[in-house]
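# Architecture and fold: a report
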Amino acid sequence: MENRAEKARAQVGLVHVMSSFLIPLLIAAIGLPLIGELYLVTFEPAPWAAELGAPLAIAIKLLSYAPAIAAVGAVIMLRSVFVEYCAGRFFSEKASAAFHGAGLSALAAFLLKMLVAPLAISLLGGTAFAWRFDPLDIALMIFAASVMMIGSVLEATAASLKAENDQIV
């Protein structure tokens, strides 16, 4: 049993290191194009942006990046899970809450991408609302569901262990 726990901690440590490299790359991959597009619609607008005006064009660009920002938020929230697991606290309340928060953020990213952003963009005068479903949407939905499920299971386990320890003391 001890050997399995040490192997799990070592694997989580590796994933923690990988996430430490991944998070800045994700932020740069989303932030840099967003900054570039905001610059373009503000100072060198395309015909559609010039027609709408800078404030609406900026709002449309921000709405189009909102799902990606929420998905990166989910990945960032998982970082505290890795910290807890590296310390050997597999059933902590902090880890389960972080799992739950990451799942909610991924679910928000899915809903933003599928409904909110396209509808809001069309209402602001951008492209017409067209419901599209990508294979990536399935992956995002599965990620959100699994992370929320794992978080719920860990939360129930943490509450059960806490109740048992309270009875002993």
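Up top is the structure these notes are about.
Source: prediction; values computed, not measured. (Residues numbered from 1 in each chain as written. Predicted model: local features only at pLDDT ≥ 70, side-chain atom pairs only at ≥ 80, totals over all residues. Heavy atoms only, no water.)

## Here's the deal with the packing of helix α3 (residues 54–86) against helix α4 (residues 93–123)
- At their nearest, the axes of α3 and α4 sit 8 Å apart, and the two run at 170° to each other. When the interaxial angle is binned, α3 and α4 end up roughly antiparallel.
- Residue composition of the contact of α3 with α4, grouped by class: 21 nonpolar, 5 polar and 3 charged. (Axes fitted to C-alpha atoms, helices over the stretch in contact; angles between N-to-C directions. Helix = DSSP H or I, 4+ residues; strand = E, 2+ residues; numbered from the N terminus. Parallel < 35°, antiparallel > 145°, perpendicular 65-115°, else oblique. Nonpolar A, V, L, I, M, F, W, Y, C, P; charged D, E, K, R; others polar.)

## Quick notes on the packing of aromatic side chains
- Under the criterion given, the structure shown has 2 aromatic pairs.
- A centroid spacing of 5.1 Å and a plane angle of 45° characterise the contact between tyrosine 39 and phenylalanine 43, whose relative ring orientation is tilted. A residue pair is termed a helical-turn pair when its members lie 3 or 4 positions apart in one helix, as tyrosine 39 and phenylalanine 43 do in helix α1 (residues 2–43) at 4 residues.
- The partly exposed category is assigned to tyrosine 39, whose relative accessible area is 43%.
- Its relative accessible area of 59% is what places phenylalanine 43 among the exposed residues.
- Ring plane angle 50° and centroid distance 6.4 Å describe the contact between tyrosine 85 and phenylalanine 99, whose orientation is recorded as tilted. Pair noted here: tyrosine 85 is in helix α3 and phenylalanine 99 is in helix α4, with a separation of 14 residues, a long-range link. (Phe/Tyr/Trp six-rings, centres within 6.5 Å; stacked < 30°, edge-to-face > 60°. Buried < 20%, exposed > 50% of the residue type's maximum accessible area, 1.4 Å probe, protein only.)

## Thoughts on α3
- For α3, which comprises 33 residues, the first-to-last C-alpha distance of 47 Å matches the rise-based estimate of 48 Å (1.5 Å per residue) to within 8%.
- Residue alanine 66 marks the point of greatest curvature in α3, where the axis turns by about 40°; the proline proline 67 follows within four residues. (Expected span 1.5 Å × (residues − 1). Bend = angle between axes of the 7 residues up to and from the residue.)

## Some points on α4
- At leucine 112, α4 is deflected by roughly 55°, the largest bend along its length.
- Glycine 125 sits one or two residues past α4 and shows a positive phi near 105°.

## Quick look at the side chain of serine 105
- When you line up the elements, serine 105 lands in helix α4.
- Residue classification places serine 105 among the buried positions, given a relative accessible area of 12%.
- Within polar-contact distance, the side chain of serine 105 engages the backbone oxygen of alanine 70 at 2.7 Å.
- In this structure, serine 105 is in contact with Ala70, Gly73, Ala74 and Met77, ignoring residues within four places of it in sequence. (Polar contact = N/O pair within 3.5 Å; in protein donor to acceptor, adjacent residues only side chain to side chain. Contact = heavy atoms within 4.5 Å.)

## Here we look at the pattern of salt bridges
- According to the stated counting rule, one finds 2 salt bridges in the structure shown.
- We note a salt bridge from glutamate 37 to lysine 61, for which the minimum N-O separation is 2.7 Å. In this pair, glutamate 37 sits in helix α1 while lysine 61 sits in helix α3, placing the two residues 24 residues apart along the sequence.
- For aspartate 137, the salt bridge goes to lysine 113, with nearest N and O atoms at 3.2 Å. You can see aspartate 137 sitting in helix α5 (residues 135–168) and its partner lysine 113 sitting in helix α4, a full 24 residues away along the chain. (Salt bridge = Lys/Arg side-chain N within 4 Å of Asp/Glu carboxyl O.)

## A word on the side chain of serine 19
- Note that serine 19 resides in helix α1.
- We classify serine 19 as buried; its relative accessible area is 6%.
- A polar contact is formed between the side chain of serine 19 and the backbone oxygen of histidine 16, at a distance of 2.9 Å.
- Apart from residues lying up to four places away in sequence, serine 19 is in contact with Arg79 and Phe82.

## Here's the deal with the nonpolar core
- One finds Leu78, Val81, Tyr85, Phe99, Ala102 and Val147 to be the most contacted residues of the largest nonpolar core, which totals 14 residues.
- Contributing elements (two or more residues each) for this core: α3, α4 and α5.
- Apart from the residues lying within four places of it in its own chain, the contact partners of leucine 78 are Phe99, Ala102, Phe143 and Val147. (Core = buried A, V, L, I, M, F, W, Y, C linked by side-chain atoms within 4.5 Å.)

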